[in-house]
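# Coordinate analysis (summary)
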2 protein chains.
Amino acid sequence: MKKAALLGCGVVGGGVAAIMQDNAAFLEKSVGEPVELKYILEMRDCSGEPWADRVIRDFALIESDPEISVVAECIGGVTVAYDFVRRSLLAGKSVVTCNKQLIAEKGLELLGIAKEKGLFLLFEASVGGGIPLLRPLTNCLSANRIDDIYGIVNGTTNYILTQMIECGQDFSDALREAQRLGYAEADPTADVDGLDAMRKICILADLCFGSNVPPERVPTEGIRGVTGEDALLADRLGYAIKLLAYARRVEGEGERFTAFVAPHLVKKGTLLASVSGVMNAVVVHGNAVGECLFYGAGAGRMPTASAMVADIIDTMRRGDGRKFIDWGEEQPERFADPESLPSRWYVRYQNGCAGDAMENCVSENGVCGGITARPMTLAELREAFGATEILSRFRVLD
Amino acid sequence: MKKAALLGCGVVGGGVAAIMQDNAAFLEKSVGEPVELKYILEMRDCSGEPWADRVIRDFALIESDPEISVVAECIGGVTVAYDFVRRSLLAGKSVVTCNKQLIAEKGLELLGIAKEKGLFLLFEASVGGGIPLLRPLTNCLSANRIDDIYGIVNGTTNYILTQMIECGQDFSDALREAQRLGYAEADPTADVDGLDAMRKICILADLCFGSNVPPERVPTEGIRGVTGEDALLADRLGYAIKLLAYARRVEGEGERFTAFVAPHLVKKGTLLASVSGVMNAVVVHGNAVGECLFYGAGAGRMPTASAMVADIIDTMRRGDGRKFIDWGEEQPERFADPESLPSRWYVRYQNGCAGDAMENCVSENGVCGGITARPMTLAELREAFGATEILSRFRVLD
């Protein structure tokens, strides 16, 4: 009999409890022995819930119970969650989490403790929700040098952008609709301003490039600057606007790389442009495998819980097999400023004054949208436009 | 120092040798000690190749060398490859292979030997080439009951269909073009008639539904029956034609499932319809995670070799961790006849005689193409058409 404890039983935690109950027979077959969820740490009143008999309010019970081999953290944030995850590892328990903020900010330290103690710290659910992503990346693609990785990793913003593109809504209407449907929080900052996507690209860059990327280092632009006009002009140019979290190896000496979050124009007809609503997708380029894409539900109760339960199963059945996930200390000299990264740009500007920098321009009510004829840095773009005001500019994914 | 042997050094084998040579430092870091490719079993003259000094012609050398812990099989077919893989396992060596025919036909027996001996038999490269697929399926999605799995798993036929759709070529011209580019063999039977896709869906169904699916049980229809007219009519109806390998759980008693290979109409704008050229993609529906899609290069030297080298690394670093991949004996009573599976159908027929079975009809030169108004079995479709000749019919993916 293997025993687990759950920290927090809200949306995702409730899903973990449900899967472990409903799929008990199935889990037993996978693990080779019965699996029990012994404790659920939850502060709110849970009487009436089917799992009410397992609810406790004192973490020390879990910490001191030698029967508990794995702790699943669904609290969120980096205060209590950090304390409990750290103490779980120090008490000799493997940890599974969906908490991207915790891993992005404290992953290096926590993975260090896990390694020292010979334990697992798994966080498949922290990026891409239910999409199998981190394990394929670190395992199936282990023969590859990863050249770049990018994708749609925030469902809320993708839903808003999809509404703007497909229904002609402007940003604030689409946001209200997303809030009404429960896709966006009352305070939408973490999603809309790109923080959630930024935390996820930190984790992906940590894993792909092997040195810690502190969140404060990653330039992050959300979608508040995307107007209905941009969505329309981009559509007429043959593109969709997508918020991409982006990391890539930079050619040249010193194994440098960069990471950032920003809206991009993505060519219609590509898979990434077809990712609509709250779905997520991540593209990986490896030097042997070429391009791969992973698509699925990036959030939500059951998808996220599905990834967490798979991680729980993994800690239970892997025994003493080697653990493969970790990365090194920050190496600031390796992190290149994304502003130096050339790309083609979409620009919206007042009609008729962009010189010869642009091609494929379309215009609407005196406002022009076009794509630069060649790749350039942001500084070069500004120079090309001179005194002409740039109303908005987004990179084109080529 | 870990030592491996390679059986066959053609297209994929050559890629394995190249990755192991070029990425030696990287592999050493992954495995924790140096990795050497000690022998390459190859019958043709290899003088002049960079790895010529390791070429041997006698398999018994590998079989009897206790230093060899893993054998990578790139011979193909089920005669010599079967013999050597079996003997490798019996000699206590883990095996990695990209040979889908071998796994589809002999997987059950070979996995049994591997399990008994406590060895790995890994075959990530056998389905979807370089796309991480089998490991995510058996590992990351292990908390899910898989409801269906289907996809584009043969690049040659997808290239031919893409040419027919996008360039208006007919089947024989597109096939000649594919042969000229090296995407199709001189004898294209295994690809064009769906055998390659059928072997892959056998492996996926084995893994997802847990009982062996013998290849001869899986109804297989290739793409020879898809005409340029079908491609055109489908396009006008808003669909692309794709050869899908398809397996699904069948509702009802006894955990039944079915598997088959056939051309399908796939709605334009979906990710699967956007998979063009030689690329592959597989869709999985799990009861917790919902829909996931995995996309990438399904064949080719480096992608396939990339997956094989990842498997080699895995055998070397997993130590005594539990092995998770296997399935049970065939249970014929669980395999449902796909003819009983209702779906909407695309039908091409002589103009004006389909009664009220069809909707959304379009016509071209007296020939009509339409989609049935409701899902039906093949028998029901035939009945609905009565005496009217069905010129071609393909399932619609809904």
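Structural data are supplied above this passage.
Before going into details, it helps to say that this report is about the structure given with it. These figures come from a predicted structure and were not determined experimentally.

### Details of the packing of aromatic side chains
Considering all chains together, one arrives at 19 aromatic pairs over all chains under this definition. Ring geometry for Tyr346 of chain A against Phe394 of chain A: centres 6.0 Å apart, planes inclined by 5°, an arrangement best described as stacked. Note that Tyr346 of chain A is positioned in strand E12 (residues 345–350) and Phe394 of chain A in strand E15 (residues 390–397), a separation of 48 residues in sequence. We note that Tyr346 of chain A, like Phe394 of chain A, is buried. Note on Tyr150 of chain B and Tyr246 of chain B: the rings are 5.2 Å apart at their centroids and 10° apart in plane angle, and the pair reads as stacked. In this pair, Tyr150 of chain B is assigned in strand E7 (residues 146–152) and Tyr246 of chain B in strand E8 (residues 239–249), connecting sequence segments 96 residues apart. With respect to class, Tyr150 of chain B is no different from Tyr246 of chain B; both count as buried. Seen from the ring of Tyr82 of chain A, Lys106 of chain A lies directly overhead, with NZ or CZ sitting 4.8 Å from the centre.

### Thoughts on unusual backbone geometry
Glycine aside, negative phi is the norm for most residues, and most peptide bonds take the trans geometry. Unusually for a residue other than glycine, Asn360 of chain A sits at a positive phi of about 55°. Here Asn360 of chain A lies in strand E13 (residues 358–364). Unusually for a residue other than glycine, Asn365 of chain B sits at a positive phi of about 50°. With respect to the helices, strands and loops of the structure, Asn365 of chain B is situated in the loop between strand E13 (358–364) and strand E14 (367–372). In this structure Asn365 of chain B comes out as exposed when scored by relative accessible area, which is 73%.

### Focus: the relation of the copies chain A and chain B
Overlay of chain A on chain B (RMSD 0.0 Å): rotation 180°, translation along the axis 0.0 Å. Expressed as an axis order, the relation between the two copies is that of a two-fold axis. A symmetric contact is evident, with 100% of the interface residues of chain A recurring at the interface of chain B.

### Some remarks on the side chain of Ser274 of chain B
With respect to the helices and strands, the residue Ser274 of chain B is situated in the loop between strand E9 (257–267) and strand E10 (279–286). For Ser274 of chain B, a relative accessible area of 16% translates into the label buried. Discounting residues that sit within four places of it in the chain, Ser274 of chain B has contacts with Gly269, Leu271 and Ser274 of chain A.

### With respect to the sheet that holds strand E2 (residues 35–41) of chain B
All names here are of chain B. In spatial order, the strands read E3-E2-E1-E4-E5-E6; together these six strands make up an open sheet with parallel pairing. Every interior strand has two partners, whereas the edge strands, strand E3 (55–56) and strand E6 (121–122), have only one. In this structure, E2 lies alongside E3, joined through two bridges in parallel fashion. When the bridges of E3 are listed, Ile40 appears paired with Val55.

### A word on the interface of chain A and chain B
The interface of chain A with chain B comprises 45 residues on the first partner and 45 residues on the second. Summing both sides of the interface, chain A and chain B together bury roughly 3800 Å²; the carbon and sulfur share of this comes to 58%. At the boundary of chain A and chain B, one finds zero salt bridges. Among the elements of the structure, helix H2 (24–31), helix H6 (134–140), strand E11 (290–297) and helix H12 (301–317) of chain A are those that each provide at least two residues to the side of chain A that touches chain B.

### Concerning the nonpolar core
One finds Ile62 and Phe123 of chain A together with Ile62 of chain B to be the most contacted residues of the largest nonpolar core, which totals 168 residues. Other than its neighbours up to four places away in sequence, Ile62 of chain B contacts Ala5, Leu7, Tyr39, Leu41, Ile56, Ile68, Val71 and Lys93 of chain B. Grouped together as the second largest cluster of nonpolar side chains are 40 residues, Tyr246 and Phe260 of chain A together with Leu272 and Leu397 of chain B included.

### A word on empty space enclosed by the protein
All names here are of chain A. In the structure shown here, the tally under the stated rule is three cavities of 30 Å³ or more. Counted as a void, the largest cavity has a volume near 90 Å³. Among the elements that make up the lining of the largest cavity, the one with the highest residue count is H6 (three residues). Across the lining of the largest cavity, the residue classes tally to five nonpolar, one polar and four charged.

### Focus: the sheet that holds strand E1 (residues 2–7) of chain A
Note on sheets: strands pair through backbone hydrogen bonds, and any given pair is parallel or antiparallel. Pairing is parallel across the open sheet formed by six strands, whose spatial order is E3-E2-E1-E4-E5-E6 (chain A). Sheet topology places strand E3 (55–56) and strand E6 (121–122) of chain A at the edges, where each strand pairs with a single neighbour.

The rules behind these values
- Residues numbered from 1 in each chain as written.
- Chains lettered and ligands numbered in written order.
- Predicted model: local features only at pLDDT ≥ 70, side-chain atom pairs only at ≥ 80, totals over all residues.
- Heavy atoms only, no water.
- Phe/Tyr/Trp six-rings, centres within 6.5 Å; stacked < 30°, edge-to-face > 60°.
- Helix = DSSP H or I, 4+ residues; strand = E, 2+ residues; numbered from the N terminus.
- Buried < 20%, exposed > 50% of the residue type's maximum accessible area, 1.4 Å probe, protein only.
- Lys NZ or Arg CZ within 6 Å of the ring centre and 35° of its normal.
- Least-squares fit on C-alpha atoms with pLDDT ≥ 70 in both.
- Contact = heavy atoms within 4.5 Å.
- Pairing = 2+ DSSP bridges.
- Buried area = accessible area lost by both parts, 1.4 Å probe.
- Salt bridge = Lys/Arg side-chain N within 4 Å of Asp/Glu carboxyl O.
- Core = buried A, V, L, I, M, F, W, Y, C linked by side-chain atoms within 4.5 Å.
- 1 Å grid on protein atoms, 1.4 Å probe; cavity = no way out; pocket = protein on both sides within 12 Å on 5 of 7 lines; lining within 4 Å.
- Points joined across faces, edges and corners; volume = space filled by probe spheres on them.
- Nonpolar A, V, L, I, M, F, W, Y, C, P; charged D, E, K, R; others polar.

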